[in-house]
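Structural features, examined
The chain contents come next:
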Amino acid sequence: MAKNKKRKNTKTNKAPMKFLVIVTALLVVVMAALLFVVNSDGGSNSASTHEDRPPIDDLATYGNDDPAVSIVEFGDYKCPACGTWDREVFDQLESDYLDHEDISFSFVNFIGFQNESLIASLASQKIYHEASEDQFWDFHHALMQAAGVQGSQVDIDFVVDIASEHAPDVDEDELRTSITEQEYMDELYAEHELIEEFGVERTPTIFVNDVEVSDPFDYNEIERIIEEQLEENS
């Protein structure tokens, strides 16, 4: 009797399971259709223009503080795509444009991976304020390349090790204390307000003046927008 009862219970459980499978399949179809609609929208695949460009006065900036054309990356040190962009796109951007006196590059910290992103950003802010410009950018690129690697664990030791090699002017104990006490948290809050103001939802997001680039990995698009902005603003 126990065996028959068990078989009966197994049979009755199949119906809700089958229902869940069907519902899940329908949800997948609906989501796929929605994604198709979004990606087919003419505006979603073209650069969008905002009312103003992100202000760079308080951001880590490479180049002129008052440029005709400002390039701004909203990025996350823990984001693998940001590491790829830094490696594949930034190098070309630097080679082609960042020695131009009318062009600058700035970085906004996006805290997308909770504590690991926060630690990296707090360290970055400390080094931005305490080290030379060259040391800051050396640290920035080294951290961007290391933190987003699959399996990396960003903690205080991790960022201090990178700083010791690329920003030796910053005292290691002071850096640890700055991160632990969240010395530059107010600046990260201000950058978060900038993220909300410009509706940034993913990283990397790239602005060239007031134009948000549709595909941050399309260097031809970035180059076209830069040239257009140089012509309009130089």
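What counts as what
- Residues numbered from 1 in each chain as written.
- Predicted model: local features only at pLDDT ≥ 70, side-chain atom pairs only at ≥ 80, totals over all residues.
- Heavy atoms only, no water.
- Salt bridge = Lys/Arg side-chain N within 4 Å of Asp/Glu carboxyl O.
- Helix = DSSP H or I, 4+ residues; strand = E, 2+ residues; numbered from the N terminus.
- Buried < 20%, exposed > 50% of the residue type's maximum accessible area, 1.4 Å probe, protein only.
- Patch = residues over 30% accessible without salt bridge, like charges linked within 9 Å, V, L, I, M, F, W, Y side chains within 5 Å.
- Areas by Shrake-Rupley, 256 points an atom, 1.4 Å probe, with all protein chains shown as cover.
- Lys, Arg positive; Asp, Glu negative; His and termini not counted.
- Charge placed at Lys NZ, Arg CZ, Asp CG, Glu CD.
- Axes fitted to C-alpha atoms, helices over the stretch in contact; angles between N-to-C directions.
- Parallel < 35°, antiparallel > 145°, perpendicular 65-115°, else oblique.
- Left-handed = near helix turned anticlockwise from the far one by under 90°.
- Contact = heavy atoms within 4.5 Å.
- Nonpolar A, V, L, I, M, F, W, Y, C, P; charged D, E, K, R; others polar.
- Core = buried A, V, L, I, M, F, W, Y, C linked by side-chain atoms within 4.5 Å.
- 1 Å grid on protein atoms, 1.4 Å probe; cavity = no way out; pocket = protein on both sides within 12 Å on 5 of 7 lines; lining within 4 Å.
- Points joined across faces, edges and corners; volume = space filled by probe spheres on them.
- Phe/Tyr/Trp six-rings, centres within 6.5 Å; stacked < 30°, edge-to-face > 60°.

**With respect to the pattern of salt bridges**
It is possible for side chains bearing opposite charge to pair when their charged atoms get close. Tallying each qualifying case throughout the model produces 5 salt bridges. The salt bridge partner of Glu116 is Lys78, with a shortest N-O separation of 3.2 Å. Taken together, the positions of Glu116 in helix H3 (residues 114-130) and Lys78 in the loop between strand E3 (69-75) and helix H2 (80-96) put the pair 38 residues apart, joining distant regions of the chain. A residue is classified by how much of its surface remains accessible, and Lys78, at 11% relative accessible area, is buried. Through salt bridges with shared partners, a single network forms among Lys126, Glu130 and Glu183.

**Details of a negative patch on the surface**
On the surface, Asp57, Asp58, Asp65, Asp66, Glu133, Asp134 and Asp138 cluster together into a negatively charged patch. Position of Asp65 relative to the elements: it lies in the loop between strand E2 (60-63) and E3.

**Some words on the packing of helix H4 (residues 133-147) against helix H5 (residues 156-166)**
In the contact formed by H4 and H5, the axes pass within 9 Å of each other and the chain directions differ by 140°. Taken together, the axes of H4 and H5 are oblique relative to one another. The crossing of H4 and H5 is right-handed. Residues Gln135, Asp138, Phe139, Ala142, Leu143, Ala146 and Ala147 of H4 pack against Phe158, Val159, Ile162, Ala163 and His166 of H5. Tallied by class, the residues present in the contact of H4 with H5 amount to 9 nonpolar, 2 polar and 1 charged.

**With respect to the nonpolar core**
Counting 51 residues, the largest nonpolar core has Ile71, Leu93, Phe105, Ile127 and Ile226 as the members making the most contacts within it. Ranked by the residues each element gives to this core, the list is headed by H4, at 7 residues. With residues up to four places along the chain from it excluded, the contact list for Leu93 reads Ile71, Trp85, Leu98, Phe105, Tyr219, Ile222 and Ile226. Counting 11 residues, the second largest nonpolar core, distinct from the first, contains Val72, Phe74, Leu194 and Phe207.

**What to know about unusual backbone geometry**
Each neighbour pair has its own omega, and for Thr203 with Pro204 the value is -5°, a cis peptide bond. Within the fold, Pro204 resides in the loop between helix H7 (185-197) and strand E5 (205-208). The phi torsion at Asn209 lies on the positive side, around 55°, for a residue other than glycine. Along the chain, Asn209 turns up in the loop between E5 and strand E6 (211-212).

**What about the layout of surface pockets?**
Gaps left between atoms show up when a probe the size of a water molecule is rolled over them. Considered as a void within the structure, the largest pocket measures approximately 170 Å³ in volume. Residue lining of the largest pocket: Pro55, Ile56, Asp57, Asp58, Leu59, Gln125, Glu187, Ala190, Glu191 and Leu194, and that is the complete set. Ranked by the residues each element gives to the lining of the largest pocket, the list is headed by H7, at 4 residues. Per-class residue counts for the lining of the largest pocket are 5 nonpolar, 1 polar and 4 charged.

**Some details on the packing of aromatic side chains**
Applying the stated rule across the entire model yields 10 aromatic pairs. Where Tyr62 meets Phe90, the ring centres are 6.4 Å apart and the plane angle is 80°; that geometry is what we call edge-to-face. Residue Tyr62 is found in strand E2, and its partner Phe90 is found in helix H2; the two are separated by 28 residues along the sequence. Across the pair, exposure class does not vary: Tyr62 and Phe90 are buried alike. Between the aromatic rings of Tyr128 and Phe136, the centroid separation amounts to 5.5 Å while the plane-to-plane angle is 70°, which identifies the pairing as edge-to-face. A relative accessible area of 28% means that Tyr128 is categorised as partly exposed. With relative accessibility at 2%, the residue Phe136 sits in the buried group. Three or more aromatic residues joined by ring pairs make a cluster, and in this case those are Tyr62, Trp85, Phe90, Phe105, Tyr128, Phe136 and Trp137.

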